[in-house]
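# Structural description and commentary
Here is how the chains run, residue by residue.
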Amino acid sequence: MYEPIRTKSVHTTAGTTPDFPHRSREEELDIQLAGHLAALLTVTDELRSLESSADLDRAAERLAAQVARLKGVPPVRAALSAHIDASLAALHRRAHTLAGRALVVAASRADTAAAILSAQRMDAHTAALGEPRRPIAAG
């Protein structure tokens, strides 16, 4: 009733080597975490250009160190500019969101240093927005 398949399967079978390199889950998480932290570093640098603060300076250096650790090279950073078309509140909200994303990836790859730094940055941006800190719901 049906004609047998005469062509090779498009799916690879176990034991064959692929034509392209694959990354492990840990490598993929490293790339994701480095990306989130680099984005957070960019927003932190934008905030530093609008408001000078020792906390933001320390955070930027710690973020740069974490990105360098994950990527193996220091991150490329833009020079501080006084011309940024975003409000402080919008930048703090964006930084809080990015820190949250970094926290999720850091927790999933069990990177304690990055998770602690991300949680601290979330707290700092929540405080900068003047919002009360929300406890984490159990369960």
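Residues numbered from 1 in each chain as written. Predicted model: local features only at pLDDT ≥ 70, side-chain atom pairs only at ≥ 80, totals over all residues. Heavy atoms only, no water.

Attention shifts here to the overall build of the chain. What the chain contains, in helices and strands, is 4 helices and 0 strands. Going residue by residue from the N terminus, the α and β elements of the chain occur as α-α-α-α. When the 139 residues of the chain are sorted by exposure, 28% land in the buried category. (Helix = DSSP H or I, 4+ residues; strand = E, 2+ residues; numbered from the N terminus. Buried < 20%, exposed > 50% of the residue type's maximum accessible area, 1.4 Å probe, protein only.)

Let us look at the side chain of histidine 92. Topologically, histidine 92 is positioned in helix α3 (residues 88–108). When residues no more than four places from it in sequence are discounted, the contact partners of histidine 92 are Leu47, Glu51, His125, Ala128 and Leu129. (Contact = heavy atoms within 4.5 Å.)

A few words on the pattern of salt bridges. What the rule picks out here adds up to 11 salt bridges. Note that arginine 48 and aspartate 57 form a salt bridge whose closest N and O atoms lie 2.7 Å from each other. Judged by its relative accessible area of 18%, arginine 48 falls in the buried class. Across the pair aspartate 55 and arginine 121 runs a salt bridge whose closest N-O atoms are separated by 3.4 Å. (Salt bridge = Lys/Arg side-chain N within 4 Å of Asp/Glu carboxyl O.)

Further remarks concern helix α4 (residues 112–129). Here α4 contains 18 residues, and its C-alpha end-to-end distance of 26 Å stays within 8% of the 26 Å for a straight helix at 1.5 Å per residue. If you check which residues of α4 are buried, you get Ala114, Ala115, Leu117, Ser118, Arg121, Met122, His125 and Thr126. Residues of α4 that are buried sit in contact with α1 (25–50), α2 (54–71) and α3. The distance from a side-chain oxygen at the start of α4 to the backbone nitrogen of alanine 113 is 3.4 Å, and the residue carrying that oxygen is aspartate 111. Positive phi shows up at glycine 130, right after α4, with a value of about 80°. (Expected span 1.5 Å × (residues − 1). Polar contact = N/O pair within 3.5 Å; in protein donor to acceptor, adjacent residues only side chain to side chain.)

In the Ramachandran plot, alanine 110 falls in the positive-phi region, its phi being about 60° despite a non-glycine side chain. Residue position: alanine 110 is located in the loop between α3 and α4.

In this structure, Leu33, Leu37, Leu40, Val43, Leu47 and Leu63 are the most contacted members of the largest nonpolar core, which totals 25 residues. Mapped by element, the contributors of at least two residues to this core are α1, α2, α3 and α4. The element that contributes the greatest number of residues to this core is α1, accounting for 8 residues. Setting aside anything within four residues of it in sequence, one finds leucine 63 in contact with Leu37, Leu40, Leu41, Thr44 and Leu117. (Core = buried A, V, L, I, M, F, W, Y, C linked by side-chain atoms within 4.5 Å.)

A few words on the side chain of arginine 48. By secondary structure assignment, the location of arginine 48 is in helix α1. A polar contact is formed between the side chain of arginine 48 and the side chain of aspartate 57, at a distance of 2.7 Å.

To characterise two packed helices, one gives the angle between the axes of the helices and the distance between these axes. The N-to-C vectors of α2 and α4 enclose an angle of 150°; their axes lie 11 Å apart at closest approach. Considered as vectors, α2 and α4 are oriented roughly antiparallel to each other. Relative to α4, the crossing made by α2 is left-handed. Touching Asp55, Leu56, Ala59, Arg62, Leu63, Gln66 and Arg69 of α2 are Ala113, Ala114, Leu117, Gln120, Arg121 and Ala124, all from α4. (Axes fitted to C-alpha atoms, helices over the stretch in contact; angles between N-to-C directions. Parallel < 35°, antiparallel > 145°, perpendicular 65-115°, else oblique. Left-handed = near helix turned anticlockwise from the far one by under 90°.)

Geometric descriptors of this kind do not, in isolation, establish any biological role.
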